[in-house]
Amino acid sequence: MDTMRERFASVTSGLLEEDPRLAVVLADIGTAGFAEAAQRHPDRVVNVGIREQLLIGVGGGLALTGLRPILHTFASFLVERPFEQVKLDFGHQGVGGVLVSAGASYDWPSGGFTHMAPGDIALLDTLDGWTVHVPGHPDEAGTLLRHAAAAGDDKVYVRLSVQANAAPRTVDGAGFLTLREGRAGVVIAVGPMLDNVLAATEGLDVTVLYATTVRPFDAAALRAAAGAAEAADVVIVEPYLAGTSTRSAGEALEDRPHRLLGLGVGRQELRRYGQIDEHLAAHGLDPQGLRERIAGFVRGRS
Amino acid sequence: MTNLTTTAARDRTTVPGDGVPAGRGPGADGAPFTELPRLMGLMTGDEKHGPAATSTLDALWVLYDRVLRVSPATAGDPGRDRFLLSKGHGPMAYYAVLAAKGFFPAAWLPGFGGYDSPLGHHPDRLLVPGVEIGSGSLGHGLPLAVGTALGLRAQGRTEPAVWVLIGDAELDEGSNHEALAYAGAAGLERLHTLVIDNSSATHGWRGGIASRFEAAGWSVTTVDGRDHQALHDAFTAPHPGRPHAVIARVEPKGA
């Protein structure tokens, strides 16, 4: 199985053949995957060098001429470093594009915090109108990238990761999937968190929703699931900053009593290298850690 | 609006290409250069940016009057020339020129900065006809212009020129240096940068601003930013295979 990033290169190279409106902009990261596409389409596969502010500005400029830019680098350099460019060169100009990140929250733990971006989606949440896809499998990444490329002039963020579930689900680029039904509460598993959530909730009487498109937030699916449960007790498990989506869930349930628990990556810098599994455990996102928090929260309902 | 003077009409340049004429052409209801002070006088409330506004006046006029192939009628034409005002603060001269050229009514000018006015102290492309980018935060225009030049090229549009105006102090922004270096290396021939130099950069540039562009492989001309003929000559200088920068020197800010 290839990685999500490899799938990004192959799927997007294919899309470049089909859609003359698409253009890829890189900043010296991920260029190998686009070497052939760059030869075939030198004007639509551009590498600006290690210049992330320019990466975003060029994307905005391409969009101003009517093209649909696809921009890629690590999440830290794509969203965090040039954040004002993301805010102004797309949203304020009234144009769209596709940001595709790699690296996620700790895809390269031995690389340390400089290459970790657990806050990327919380940061994008300060802006209006961004669609956010968080695939949990390379197959899902391919599907969601196609949705993103075809989404007119929308602003779309696709968050790729080496963390992945064992099997793909059929995702549609819009709503949540219901994978289990129960009465004691609702657990939303985002992208690569699904396998651990399913293991953690084994035997618990909870509904499990699977979210790979988190913005816009599928409020209808959550309302339906929470309405079927005895109480609106909702846990959201995200592979990025804990609590990122609790605002969206709260808005979805604002007309009924509810309790929310946001699980994800802790805000405090861990200052550890090592492996992904060690970081998952440290943030309580391994099956054991998740089970303790989820079971305690659901049981704690009075 | 008053009629064009014969001088202004004679100065217009028609560029062969994809049918977008320079300026508005004789007989259009544009205003002459001498009308600009009155138009600028209609705008009040942003006096702190007065020097920034007047520093760009002559260069903007020469561009819109004699160089850019864009008019109100062609403002949405994909083959038009693009002018991106990156230095979005002090936009009074810009608004005055756009009003003089008929992109929007001069009656909008007195509302400058008001809640009901489309004309802010920084321009918004979604509110003002003819405005290509929303700007004000420094360091965005040149990267956007690079992308615009790349986007036009990718669509086979080799005719339109892309112009971006930045200030000498704005050149301090690192994003501009990313764009400057890339554009030179990539040889973006249809990209043009107009730097209005009113000596407002805090630390200045050792060796002068032109040296930065030259080192990056640009064609560069430094001119008197009040001399219309010199500006025109600099704007229209050939620069095969290279992007072109015009450094327009005006009186120092605060002088």
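Residues numbered from 1 in each chain as written. Chains lettered and ligands numbered in written order. Predicted model: local features only at pLDDT ≥ 70, side-chain atom pairs only at ≥ 80, totals over all residues. Heavy atoms only, no water.

**Section: the packing of aromatic side chains**
Across all of its chains, the model carries 15 aromatic pairs over all chains by this definition. Centroid distance B:Tyr64 to B:Phe83: 5.5 Å. Interplanar angle 75°. Geometry classified as edge-to-face. Here B:Phe83 lies in strand S1 (residues 82-85) and B:Tyr64 lies in helix H4 (residues 57-67), a separation of 19 residues in the sequence. The class of B:Tyr64 is buried, set by a relative accessible area of 3%. The class of B:Phe83 is buried, set by a relative accessible area of 1%. Ring-pair connections join several aromatic residues into one group, and the members of that group are B:Tyr64, B:Phe83, B:Tyr94, B:Tyr95, B:Phe103, B:Phe104, B:Trp108 and B:Phe112. In this arrangement the basic side chain of A:Arg259 is found over the ring face of A:Phe297, its NZ or CZ atom lying 4.1 Å from the centre. (Phe/Tyr/Trp six-rings, centres within 6.5 Å; stacked < 30°, edge-to-face > 60°. Helix = DSSP H or I, 4+ residues; strand = E, 2+ residues; numbered from the N terminus. Buried < 20%, exposed > 50% of the residue type's maximum accessible area, 1.4 Å probe, protein only. Lys NZ or Arg CZ within 6 Å of the ring centre and 35° of its normal.)

**Focus on the UniProt feature "domain: Transketolase-like pyrimidine-binding" (unreviewed entry) in chain A**
Mapped onto this numbering, the UniProt entry annotates "domain: Transketolase-like pyrimidine-binding" (unreviewed entry) at residues 2-168 of chain A. Annotated as residues 2-168 of chain A, this span is 40% helix and 18% strand, and its ends, taken at the C-alpha atoms, are 13 Å apart. (UniProt positions renumbered as here; feature names shortened; annotations may be inferred.)

**Details of the domain arrangement of chain A**
All names here are of chain A. Segmenting chain A into domains produces domain 1 (4-159) and domain 2 (177-300). The straight-line distance from the C-alpha centre of domain 1 to that of domain 2 is 27 Å. Taken together, the contact between domain 1 and domain 2 spans 25 residues of the former and 26 residues of the latter. Roughly 1,900 Å² of surface becomes buried between domain 1 and domain 2 when both sides are summed, with 62% attributable to carbon and sulfur atoms. It is Tyr106, Asp125 and Val134 in domain 1 that bury the most area against domain 2; as a group they hold 32% of the surface buried on that side. Between domain 1 and domain 2 we count one salt bridge in total. Note that Asp125 and Arg215 form a salt bridge whose closest N and O atoms lie 2.7 Å from each other. Put simply, the parts of the chain that give the side of domain 1 that touches domain 2 at least two residues each are helix H6 (120-124), strand S5 (130-133) and helix H7 (138-149). Taken together, the residues of the side of domain 1 that touches domain 2 break down into twelve nonpolar, eight polar and five charged. (Domains from an automatic or database assignment. Contact = heavy atoms within 4.5 Å. Buried area = accessible area lost by both parts, 1.4 Å probe. Salt bridge = Lys/Arg side-chain N within 4 Å of Asp/Glu carboxyl O. Nonpolar A, V, L, I, M, F, W, Y, C, P; charged D, E, K, R; others polar.)

**So, the interface of chain A and chain B**
Each partner contributes to the interface: chain A provides 25 residues, whereas chain B provides 26 residues. Summed over both sides, the interface of chain A with chain B buries roughly 2,100 Å², with 58% coming from carbon and sulfur. Here chain A and chain B share one salt bridge between them. Between the two partners, chain A and chain B, sit eleven residue pairs in polar contact (both at pLDDT 80 or more). Looking at the side of chain A that touches chain B, the elements with two or more residues in it are strand S2 (45-47), helix H3 (52-64) and helix H5 (83-92) of chain A. (Polar contact = N/O pair within 3.5 Å; in protein donor to acceptor, adjacent residues only side chain to side chain.)

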